[in-house]
Structures are given as C-alpha cells and as structure tokens.
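Here are the chains, one letter per residue:
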Amino acid sequence: MPAPCTPAGKAELQLDFHTCEDAPSPPAGPQQSEGSRRAEQAGRLLECALTRARGCGDRPPLWPSTLYVVQRHCPGYRPPQVKRLGIVAVSNALPQDITCLAADRMLIFASYDNVLHAFARNKEVVHTYEGHKARIHLLQPFGDHVISVDVDNVLIVWDTQSEEQYLEVNFDKATFAVSAVLHPSTYLNKILLGSEQGSLQLWNIRSNKLLYSFPGWHFAVTALEQAPAVDVVAVGLVSGHIIIHNIKFDETLMKFQQDWGPITAISFRTDGHPVMAAGSPIGHIALWDLEEKKLMCQMQDAHSTAIAGMSFVPGEPLLITNGADNAIQVWIFDGPGGTGRVLRSRMGHSAPPTKIRYHGQNGEQILSAGQDGTLQSFSTVHEKFNKSLGRGSINKKKSKKKGLKLDTMALPPITVFASEVAHQSDWDGIVACHQGYITCTTWNYQKTSMGAHKLKPEEFSKHKPIDVYATAVDITSCGNFAVIGLSTGQVDVYNMQSGIHRGRYGKERAHEGAIRGVAVDGLNQLTITAGSEGLIKFWKFKTKDLVYSTDLPCVPSGILLHRDSGILGIAFDDFSISVLDIETRKIVRTFSGHHGRINDMTFSPDGRWLITSSMDCSIKTWDLPSGCLIDCFLVDSAAVSLTMSPTGDFLASAHVDDLGIYLWSNRSLYSLVSLRPLSADYVPSMVARPTTCPVEDVDEAGDEETCDEMIEYVSPEQLGLQLVTLSSLPESRWKNLLSLDIIKKKNKPREPPKVPKSAPFFIPTVSGLIPHYVTPREENDTQSKVISLGVLAQKSDFFICLEEALRTNEYAAPLNLLKSLGPSNIEIELRCLAPEGGGSMEVMLSFLRMIGMMLNKKYNFELAQAYLALFLKLHLKILSSEPNLLEEISRLSTQLEETWIHLRTLFNQSLCVLTYMKSVLL
C-alpha cells in the first residue's frame, strides 16, 4: 500500500564551478592547453570525495553565482545552488552508494565500487566506464579524459566520449601508493601524484613517462591543492604539515604546521587576499597569512566532525565547507581579524534519528530527534523550510564558551518528545525527555531554540539522582500542561508557560514500576499511564484521582493515544499489540504477528489503521474495524520510528543506522487498492526504501494484485428486503416533477419571438430594358398549427412496456425506461396514459401496479413517491370515477402508511440514541 516518495539527505559533498567558457580540447590524447588555468575543468578529488575547480585565472568568473555543491547521496547526488544553497536538480539513481565524485565543465563523474559513470545535465547517466577490478577512490577530470585510481593502485585514463581506456598504469603499493592526484595549472598533459610514502611524482600522460620524482617529506600525502601562483602547489601531510612547494624548481617556499592531526582539505582565497585555509579531523579550520607566513586565525568547531572538504568561491570572500556531521556551510569573511561567520547553512542529523513526529495539522513539518542530541524540523513541501532547533544544553552560555568538543553542559540525545501547536507563539510548545536524564527540556518551535524551562521534580532540584530518569512525556491538546513519567513510577504535571510543578498522580507515585507511557485525552478529562508492572491506570486530569485500573496480559513497552476516536494502542514486550477503548476501558482488538521488539506505532488520521514497525524489519498495517492485517512489507533496515501525516497522504519512517527520513505515499488515495485481509500464509516482500531520485513511470499492471483480489465491489440494488432503498438518480430527475408547470411559466418568454424577414442572397430581377426587382408574393395558404390526432395515436415505448407488464406482471422494463427519461418526458408519458391522451384505463391500472411493486420491494422509494404524486395530480378526476382505479389507489394508500410508520419508528430510535450519546459525552 505505501509507495515510495522522498527522504532526507546524507553526508559528503563535491564542489564544482561551471563557467560559460569551454577550455580547448587536446588534439590527440589527454593533453590540455594553457587555457586550463582559466577553465573550470581542472577539478581535484580529495580523499573525502571533495572536488573543487578554479576560476578564470586572476579575473573573476563570468557567473560566480552558478557554483554548485554536489552532495553525496545514497544512491544519487543532489546539486544545491550556493546562492540560495538550495537543491537545483536530483540525479537518477545508481545501483549502489556513490563513493567518489568529480566534475568538469560538462559532466559529473560518480563511481561506486569499481564502476565509473558520467552524468549530463545533472540527471541522466550518459557514459559508463568499466575496467577497474577494485574500488575506485580517486577521480580527476582531465580535458576530454578522466583519470581514475582504485585501491589496488591502478591508474586508468578514460576517453570520456568513446568510453575506451587511453592509458593504464600500475604502481607498486610498497614503493608508491597513490593517495592524491592533481593537474597543475599550465602543465600540459601532466598530473602530479601524491603517495602514502610521502613522495610525489610528475607524469606526462600523453607520453606515459615519469618526468620527475620528488623525494617528499617522509609523511603520507593527504591533500594536493593548486595555489593561485603558477608552478606552486600546497601539499597536506598526515603529520599536520602544509608544504607550499614550487614544483618547477623543486623548492619549498613555506611550511606550516597545525596541531589538530592530518590535513583533510586545503583551499586558497582568490579575491586579492593571500589567505590559505586548512581543515582538520576534529572540525577546526585554520587560516594562514601567506604574506606574513603565520597563522592568521582559527575557526574552531566549524563542524562537529572532521572537515571533509572546503573550497573558496573564486573571486569572492566565501568559503564552502562540509563535514561528516551532515552539514554544508557557507562562510563569509567580512569582519575584522580575518575570521569568518556563517552566511548560509544546510544541515541534517549527524547521527541516526531516534524519534520522528509530525508537527501541526497541515502535514508539512516533521520534528526529528537524533542521536547527535539535536532536534530538527524537516519540511515535506520544500527544503528551504527546514530548520534546526539546536542541541539541548544545561547552560547555553557556558556551552557557547566551551565549544562543542569541551562542552560538558550538553544534554544526552532526546529519546521521546511531544509537541502541540496551540499557544506555540506564546510559549514553548515542545517537551522532550533525554536519555538517562531526569530533566525534561522545553523547546520553542517559533524561535527555533531550546526553551526557557527545565522540568524535573522539586526533590531532585539540588542533587542529581542515580538511576532515575524520565521515560515518557505527553503534552495536552491545549498546550498548557506537560505530563512526565519517570523510571521510579512517578507521574508529574507541569505548566508549560511558567514551568511550575502542578501536581503528581498518586500519593507518592502512580506505578510500582517504571512508567512506559503517558497520554492525555483531547478534552483534558483523563490521564492514562502504563507501568512496567503490567498495569494501566486512568486518572482524573484535574483532581489527580484514580478512576480505573486494569491488569494487562503482558508488560507494556509503549502506548499511543488517538485523541479524536479515543482508542489507545498498547505495544507489549511479547511483540503483540492491543487496542483499548478509553470510554469502555476494554480491549477491543489484539494483534500478533511481529517477531521482534515493536519500535513504534502510529494511527491513521481517521483512526481506521494502526501502523506498526518492529525489529524484524517489517512494517504492518492493521485495519481496526475488521481486526485484520491488510498490508505488510519488509525493509532492509528496521524502522525505529513511524509517524503518519495528519492529512493521511504520507507515512514517515526513520531506520536503524540511517540519517534519512523516508516518506511513503498512501497509495489508497490515488489508486485502487485491495483492503482485504492478508492470508495466514502471506509472505511479505522486500521493498526498497525511497530515494531522492525521480521515479520513472513504470507500467504497474504486472505488479497489481490478482484479479480475484482486485475485483471491484458492485453494490446490489437492494441490500436487504427489510431496508428502504433509494435510487441513485440525481434529485434533478424527480424532485421538480410537481413543479414543472411553475417552471415552464417562469421560463415562458414575455412576447413571442419575431421571425425576421427573409431575403435571398441574390435578389431576383425581371429582365427588360429597365431591370426591376421582383415583388415578394403574399402567401395565401398558411400552414395549420393544429396537430392531427393521428400523431398522438402512436404508442410510445413506455406505453407498450406497461401493456406487456399487465400480462406478464414484470414491471422492471417500464421502470428502467421511466428512470432514463428527464422530467419533461416523464410528464408527457404520464399525461398520455389517460384515454383523452391516447391511453386507456388498463394502462393506468398497470402504472399503479408498478408503483405498488416498488413499494412492496422497498426500492427506488423516492421515485415511487414522485411518480405517484405526479400521476395523481394529472389524473385525479379520472381516478375518482373509475372503481378499479379507486380500489388500486386505496391499496397503495395502505402500503404507504405502513412504510412511513416503519421509517418514522427507525428515525425516532436513531434520534433517541444520538441525543443520549451527546448528553453522556457532555
């Protein structure tokens, strides 16, 4: 039933600058002209899958706003535009995860395992290069060729158009293991290779010759970057050293060292400032002044993880960085001291999400809490509406001073949270529990930050308890109160506006065991709590008094309340699910079939479906009215959290060890889906998780269920003999039958239409010496407007059917014929049943018997009333003078009275039950 849609994104990226100038192609072989230093094809792949390209020499690029960031994704890539940092296009999917990226002026190269693909127009695969026997880990575009290096130390030069190998070079891993590749500017047909042994080699690709070997610095090369000056490159080492080296004279110009570990990325400013930026494995960025040869400033905690890649925008004071924390940031250097500030950013979770829930009733925002400790909001409409609410902290001011790495004030990851949109513009509308922590935090969605209150019991305000933590939380529909359950069995109520403690359920604690779930109904009348001792309790929300308590068949692992319908879903430790009605306080449904711990569950907006996910990697949909399983499928990674859109169009899921949030569309909204129960021996199929690539239109005829399962249900003409059934005709076909004369009078024109004098196109003339026009002749004979009786003497189809039915006593044919006519035609047919209209008394009797048949069978009830009313209106005088017709009319009158008495009794019973239910609820 669910159909794949789109998830959120992943980690690494590649930078590629596109210009309108095309570098000249080499005449033969992979050579590059001097225009290569002003063309954007000389991108370089770093070990973190980052590629950057340079602008047109010393002058700025023509379109600096068309810098693209290609983000590694599974299994496609997505290029966001840097000007707004929004997604420009989404590529088609590759069979496996992309491990390496590079780009030139026309194509984007992406590899997985040992296969290399070339994308055109940011979308479709146009070339495939196969020949490697090991995983590709380095890529370098090179004019009309592309260079790839695999982990077995094999370098292959490909012709991008013919997809043929131009050159293959094998290196010995023991003496020269290739770890970096660079095409130096203005060096025709030449590439510079860095090794894990620390040495460098300069090769001529066209002649396949080693031109020069640099001895190196006895440390592995991790990064190579072209400096703005010709013949000068920057070499990053695993020791943290950065060597500015002149490869023409083999001379070291400068040497820097940072204390944060290996160099992960290098970039140079090209807007007139001699500044070099270097990345580190701990997320810091160092800025070096090349004129004074010293450290200018440090940008600590630019990312919470290693800097995967960085690139200065050519000719602009903008630096684009990304890291393994699943974030892309644009830094602008416009302040004193040379340090940068964040101008734009896009980020997701750096660790897998633990809980997701839709926020609001429009189904456009999903709140997500991750293992990285952050709370974020993702939009299902457009990614520009995504926002991060930040990370929980005990003291935000101290956290900012200490930084991310030394932050001892950071709160653990959020495990459970609840949100409400009511009053969210006035005070905090989100409350969250943290892993192994007793304090619950409030969050403000409007301000996109952590709230002002930290909720915990007063007895623990001065000291931190051991092994006492919050386990469950809920917020009332009005947004005024938060209900928090603890591992000790206590359940407390707090005011969301002031953060003041407003009471506790039970004398000391609500349950003997840990609280497994809390819920508040939609009217703030009942609070429901579930404990690990196997009890579920109902409390008065206001007075905190216990109303009802019942034993559960097993220890509950979690509860979920559907407030609109008043049904409570309970998941148990024995992998079963029960549904409890909070009005009758009885279990109405029990489901079993999962073979692993139930991670999460969600209701459909109308409360008909309960969707559950389990550690057995299955997602099942249970139909509550029928109590049956109607859908089940498997995914390759277990879903840890589920949430259904309030509009019912999407199901969102988060999975184990996955950063993405996946959307599944509700197929029943736009196609015919069988909701019949699945058989006991049904084997669920494995369904691939959604991707961000556009899904091609596929003929799903072969994927549809069998004809026996997909037979469309056709409702019978009458469900039961005791039921009064109406016809399916629109009201316009029968409701105005008694008002046709009034309608005709209103639509009658005030004066008859005037016939225009007709004139021939060529006016006839009389020939002669003086031609003159022929005078129109007056017609003496006018056509009679009196219709002859012979026309009316012809019998209609309805008349013939009534005569036939009088002999056979089968009135289905005349009834179907009458139902196909419009109001005016019905009046004509009934008017012609009288003897003065060409009919007879026998036909009128047959019509009355047809009405009696309709009343006996109790179908087409409103048509029988309308047809009989019009018949009485037209032929009342004739009916009063004919004994046979009077007898039939009296019989119909008795039938009508009995039918109306039966209907009135049913109406009264229904109104009585409805009135009682309304009074009970209030």
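Conventions adopted
Residues numbered from 1 in each chain as written. Predicted model: local features only at pLDDT ≥ 70, side-chain atom pairs only at ≥ 80, totals over all residues. Heavy atoms only, no water. Helix = DSSP H or I, 4+ residues; strand = E, 2+ residues; numbered from the N terminus. Expected span 1.5 Å × (residues − 1). Buried < 20%, exposed > 50% of the residue type's maximum accessible area, 1.4 Å probe, protein only. Arc of directions from axis to C-beta. Contact = heavy atoms within 4.5 Å. Lys, Arg positive; Asp, Glu negative; His and termini not counted. Salt bridge = Lys/Arg side-chain N within 4 Å of Asp/Glu carboxyl O. Phe/Tyr/Trp six-rings, centres within 6.5 Å; stacked < 30°, edge-to-face > 60°. Polar contact = N/O pair within 3.5 Å; in protein donor to acceptor, adjacent residues only side chain to side chain. Axes fitted to C-alpha atoms, helices over the stretch in contact; angles between N-to-C directions. Parallel < 35°, antiparallel > 145°, perpendicular 65-115°, else oblique. Left-handed = near helix turned anticlockwise from the far one by under 90°. Nonpolar A, V, L, I, M, F, W, Y, C, P; charged D, E, K, R; others polar. Pairing = 2+ DSSP bridges. pLDDT = per-residue confidence, 0-100. Core = buried A, V, L, I, M, F, W, Y, C linked by side-chain atoms within 4.5 Å.

Draft legend 1. Spatial organisation of helix H4 (residues 797–808). With 12 residues, H4 extends 16 Å from end C-alpha to end C-alpha; this agrees with the ideal 16 Å at 1.5 Å per step. Where H4 is concerned, the buried positions are Phe798, Phe799, Leu802 and Ala805. Viewed along the axis of H4, the buried residues span an arc of 125 degrees, placing them on a single side of the element. Set apart from the buried face of H4 by more than 90 degrees, the exposed residues are Asp797 and Arg807. Residues of H4 that are buried make contact with helix H5 (812–819), helix H6 (823–831) and helix H7 (841–857).

Draft legend 2. Expanded view of the side chain of Asp372. As for its position among the elements, Asp372 is in the loop between strand E34 (365–370) and strand E35 (374–379). As a buried residue without a salt bridge, Asp372 has its nearest oppositely charged side chain in Arg391, at a separation of 7.2 Å. If sequence neighbours within four positions are ignored, Asp372 has contacts with His349, Ser350, Ala351 and Arg391.

Draft legend 3. Quick look at the packing of aromatic side chains. Using the criterion set out here, one finds 13 aromatic pairs in the structure. With centroids separated by 4.7 Å and ring planes inclined at 70 degrees, the aromatic side chains of Tyr212 and Phe214 adopt a geometry described as edge-to-face. The exposure class assigned to Phe214 is buried, which follows from its relative accessible area of 2%. Seen in terms of ring centroids, Phe312 and Phe333 are 5.7 Å apart; in terms of plane orientation they differ by 40 degrees. Their pairing is tilted.

Draft legend 4. Inspection of the environment of Ser626 at higher detail. By the element assignment, Ser626 lies in the loop between strand E55 (618–623) and strand E56 (628–634). Ser626 sits 50 residues away from Arg676 along the chain, and the two C-alpha atoms are 9.5 Å apart. For Ser626, the side chain forms a polar contact with the side chain of Asp623, separated by 2.6 Å.

Draft legend 5. Seen up close, the packing of H7 against helix H8 (residues 861–881). At a minimum axis separation of 10 Å, H7 and H8 run at an interaxial angle of 150 degrees. Put simply, H7 runs roughly antiparallel to H8. Crossing hand, H7 versus H8: left-handed. Contacts between H7 and H8 involve Met841, Met844, Phe847, Leu848, Ile851, Met854 and Leu855 from the first element and Phe861, Leu863, Ala864, Gln865, Tyr867, Leu868, Phe871, His875, Ile878 and Leu879 from the second. For the contact of H7 with H8, the per-class residue count stands at 15 nonpolar, 2 polar and no charged.

Draft legend 6. Region of interest: the sheet that holds strand E39 (residues 440–444). Here 4 strands make up an open sheet; going across it, the order is E37-E38-E39-E40 and the pairing antiparallel. The strands lining the two open edges of the sheet, one partner per strand, are strand E37 (414–419) and strand E40 (449–455). The mean inter-strand angle of the sheet, taken between neighbouring strand axes irrespective of direction, is 30 degrees. Summarising the sheet, E39 and E40 pair through 4 bridges and their orientation is antiparallel. Paired with Cys440 across the bridge in E40 is Leu455.

Draft legend 7. The arrangement of the confidence of the model for the chain in detail. Mean pLDDT over the chain works out to 82, with 83% of the residues at or above the 70 mark. This model gives residues 778–783 a pLDDT under 50, and the stretch forms 0 contacts once residues within four places in sequence are excluded.

Draft legend 8. Broad picture of the packing of H4 against H5. Their axes nearest at 8 Å, the elements H4 and H5 cross at an angle of 160 degrees. Compared by their axis directions, H4 and H5 come out roughly antiparallel. Judged by the sense of rotation from one axis to the other, the crossing of H4 with H5 is left-handed. Facing Asp797, Phe798, Cys801, Leu802 and Ala805 of H4, the residues of H5 in contact are Pro814, Leu817 and Leu818. Residue composition of the contact of H4 with H5, grouped by class: 7 nonpolar, no polar and 1 charged.

Draft legend 9. Spatial organisation of the sheet that holds strand E32 (residues 341–347). One open sheet holds the 4 strands; their spatial order is E29-E30-E31-E32, and the pairing between them is antiparallel. Edge positions in the sheet fall to strand E29 (307–312) and E32, since each has one partner strand and no second. Adjacent strand axes in the sheet meet at a mean angle of 15 degrees, parallel and antiparallel pairs treated alike. Pairing of strand E31 (residues 327–332) with E32, which is carried by 6 bridges, proceeds in the antiparallel orientation. Paired with Trp331 across the two strands is Val342, which belongs to E32.

Draft legend 10. Quick peek at unusual backbone geometry. We note that Thr448 has phi near 50 degrees; this positive angle belongs to a residue other than glycine. When you line up the elements, Thr448 lands in the loop between E39 and E40. When its relative accessible area of 27% is taken as the criterion, Thr448 is described as partly exposed. Even without being glycine, Lys544 reaches a positive phi, approximately 65 degrees. The topology assignment puts Lys544 in the loop between strand E47 (535–540) and strand E48 (546–551).

Draft legend 11. Structural view of the nonpolar core. By size, the foremost hydrophobic cluster in this structure holds 41 residues, and its most contacted members are Leu833, Phe847, Met850, Ile851 and Tyr867. Those elements that provide at least two residues to this core are H4, H5, H6, H7, H8 and helix H9 (883–921). In this view, Tyr867 contacts Leu737, Leu815, Leu818, Lys819, Ile826, Leu830, Phe847 and Ile851; residues no more than four positions away in its chain are not counted.

Draft legend 12. The pairing of strand E17 (residues 178–182), seen in detail. Of all 5 residues in E17, 5 are buried; the element is thus mostly enclosed. When E17 meets strand E18 (residues 190–195), the two strands line up antiparallel, connected through 4 bridges. Looking at the pairing, Leu182 lines up with Leu192 of E18.

Draft legend 13. Representation of the side chain of Ser613 in the model. Among the secondary structure elements, Ser613 is positioned in strand E54 (residues 609–614). Among residues more than four places away in sequence, those in contact with Ser613 are His594, Arg597, Ile598, Asn599, Asp600, Ser618, Ile619, Ala639 and Leu642.

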